[in-house]
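Summary of the model geometry
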Amino acid sequence: MLSTLYMAAFAFKYWLHDVPFYRLWRDRGEYERHSEASMFSPKYLRFLRRIYKVCFAFDTANFALCCLLFLAKCVGALPWW
């Protein structure tokens, strides 16, 4: 039962928070990029971008694991509850 609740909760979190936030961060305008560059050093901004990409990659891998668990439950390899 806990794995089913985890899959549902993480799928909602991934599609309603992680993906829109990543798209918003990736597609920001020139004004936001310029204001960021004036507040922080370029080295620190590169570090933050790298950390954010790694976190999004972990979230994507976790979502893929949830999809595999869902498929295993559909096939019958794992019990639903």
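Time to look at the nonpolar core. In this structure, Met-7, Phe-10, Tyr-14, Val-19, Tyr-22, Phe-56, Phe-63 and Cys-66 together form the largest nonpolar core, which totals eight residues. When residues of this core are traced back to their parent elements, those giving at least two are α1 (2-26) and α3 (42-75). Ranked by the residues each element gives to this core, the list is headed by α1, at five residues. Other than its neighbours up to four places away in sequence, Tyr-22 contacts Tyr-52 and Phe-56.

This paragraph deals with the environment of Thr-60. Within the fold, Thr-60 resides in helix α3. By relative accessible area, which is 30% here, Thr-60 ends up partly exposed. Spatially, the C-alpha atoms of Thr-60 and Val-19 are 9.2 Å apart, while their sequence positions differ by 41 residues.

Right, let's talk about the side chain of Thr-4 for a bit. The topology assignment puts Thr-4 in helix α1. Apart from residues no more than four positions distant in its own chain, Thr-4 is found in contact with Lys-73, Trp-80 and Trp-81.

Here the focus is the environment of Leu-5. With respect to the helices, strands and loops of the structure, Leu-5 is situated in helix α1. With relative accessibility at 45%, the residue Leu-5 sits in the partly exposed group. Between the C-alpha atoms of Leu-5 and Ala-77, which are 72 residues apart in sequence, the distance is 17 Å.

The next point concerns α3. Taking 1.5 Å as the rise per residue, α3 with 34 residues should run 50 Å; its terminal C-alpha atoms sit 49 Å apart, in good agreement. Considered for burial, the residues of α3 that qualify are Leu-45, Phe-56, Asp-59, Asn-62, Phe-63, Cys-66, Ala-72 and Lys-73. Gly-76 sits one or two positions beyond α3 and adopts a positive phi of about 110°.

Turning our eyes to something else, we now look at a positive patch on the surface. Among the surface-exposed residues, Lys-43, Arg-46, Arg-49, Arg-50 and Lys-53 lie close enough to one another that they form a single positively charged patch. Locating Lys-43 in the fold gives a position in helix α3.

Another aspect to go through is α1. For an α-helix the count is 3.6 residues per turn, leaving residues at separations of three or four pointing the same way. An ideal rise of 1.5 Å per residue puts 36 Å on 25 residues; α1 measures up with 34 Å between its terminal C-alpha atoms. The axis of α1 is deflected most strongly, by about 40°, at Tyr-14. Of all the positions in α1, only Thr-4, Met-7, Phe-10, Tyr-14, Asp-18, Val-19 and Tyr-22 are classed as buried. Where α1 is buried, its residues contact α3.

What counts and how
Within each chain, residues carry numbers counting from 1 in the order of the written sequence. Given that the model is predicted, a residue must reach a pLDDT of at least 70 before its local features are reported, and side-chain atom pairs must reach 80 or more before they are shown or counted; all residues, however, enter totals for whole chains, interfaces and linings. Think of the side-chain values as coming from all heavy atoms in the structure, minus any hydrogens and water. Throughout this description, the term nonpolar core refers to a set of buried Ala, Val, Leu, Ile, Met, Phe, Trp, Tyr and Cys residues connected via side-chain atoms within 4.5 Å. The buried label goes to any residue with under 20% of its type's maximum accessible area, the exposed label to any with over 50%, and the partly exposed label to all in between, with areas taken from a 1.4 Å probe on protein chains only. Secondary structure elements follow DSSP: runs of H or I no shorter than four residues count as helices, runs of E no shorter than two count as strands, and numbering proceeds from the N terminus. A contact between two residues is defined here by any heavy atoms of the two lying within 4.5 Å. One less than the number of residues in a helix, times 1.5 Å, gives the span that helix is expected to have. A patch consists of residues whose relative accessible area exceeds 30% and which take part in no salt bridge; residues with like charges are grouped when within 9 Å of each other, and nonpolar side chains (Val, Leu, Ile, Met, Phe, Trp, Tyr) when within 5 Å. Calculation of accessible area relied on Shrake-Rupley with a 1.4 Å probe; when residues are assessed, cover is drawn exclusively from the protein chains displayed. The term salt bridge refers to a pairing of a side-chain nitrogen on Lys or Arg with a carboxyl oxygen on Asp or Glu at a separation within 4 Å. Asp and Glu count as negative and Lys and Arg as positive, but His and the ends of the chain are not part of the count. By convention, charge coordinates are those of NZ in Lys, CZ in Arg, CG in Asp, or CD in Glu. Fitting axes to the seven residues that end at a residue and to the seven that start at it, the angle between those axes gives the bend at that residue.

Keep in mind these values describe shape, not function.
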